[in-house]
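# Residue-level structural notes
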Amino acid sequence: MRPFTLNYAVPQRLPAVVTPYHFDASRQLNVLPDGRLAVSDRALLHAAGTTTSTAGSQTHFDD
């Protein structure tokens, strides 16, 4: 049996996410394209909340 609401639900595509920083393995920190530390960009921190590293454990933050 199919739930009634699924007859009208329309799947939506998730927006593509572009991360404005990357992980620098030599410094073990997230850095911006211009070489500055990602945590030094207040606008980025305000928008993202954190700069969680995707390398290794997901519980480490660059703060």
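Residues numbered from 1 in each chain as written. Predicted model: local features only at pLDDT ≥ 70, side-chain atom pairs only at ≥ 80, totals over all residues. Heavy atoms only, no water.

## What about the side chain of Asp24?
Let me state the cut-off plainly: Note on conventions: DSSP H or I runs of at least 4 residues are helices, E runs of at least 2 residues are strands, and numbering of each starts at the N terminus. We define a polar contact as two N or O atoms separated by no more than 3.5 Å, with the added condition that, inside protein, one atom must be a possible hydrogen donor and the other a possible acceptor, whereas residues neighbouring each other in sequence contribute only through side-chain atom pairs. We call two residues contacting when some pair of their heavy atoms lies within 4.5 Å.
One can find Asp24 in strand β1 (residues 22–24). Here Arg27 takes part through its side chain, which lies 3.1 Å from a polar atom of the side chain of Asp24. Setting aside residues no more than four positions away along its own chain, Asp24 makes contact with Leu29 and Val31.

## What about the pattern of salt bridges?
A side chain of one charge can pair with a side chain of the opposite charge if their charged atoms are brought near each other. Cut-off, in case you're wondering: Salt bridges are identified by distance alone: a Lys or Arg side-chain nitrogen within 4 Å of an Asp or Glu carboxyl oxygen.
Taken as a whole and judged by the stated rule, the model has two salt bridges. The partner of Asp24 in a salt bridge is Arg27, with the nearest N and O atoms 3.1 Å apart.

## Concerning the confidence of the model for the chain
Threshold: pLDDT measures the predictor's confidence residue by residue and takes values from 0 up to 100.
On average, residues of the chain carry a pLDDT of 77, and 78% of them reach 70 or more. Mean pLDDT across the elements of the chain bottoms out in helix α1 (residues 42–48) (82) and peaks in β1 (89).

## Description of the environment of Asp34
Here Asp34 lies in the loop between β2 (29–31) and α1. In sequence terms Asp34 and Tyr21 are 13 residues apart; their C-alpha atoms lie 9.5 Å from each other. One polar contact links Asp34 to Arg36, side chain to side chain, over a distance of 2.9 Å.

## What to know about unusual backbone geometry
This is how it is decided: When accessible area is computed with a 1.4 Å probe and restricted to protein chains, residues below 20% of their type maximum are described as buried, those above 50% as exposed, and intermediate ones as partly exposed.
One non-glycine residue, Gln28, lies in positive phi territory at about 60°. Along the chain, Gln28 turns up in the loop between β1 and β2. Judged by relative accessible area, which is 51%, Gln28 ranks as exposed.

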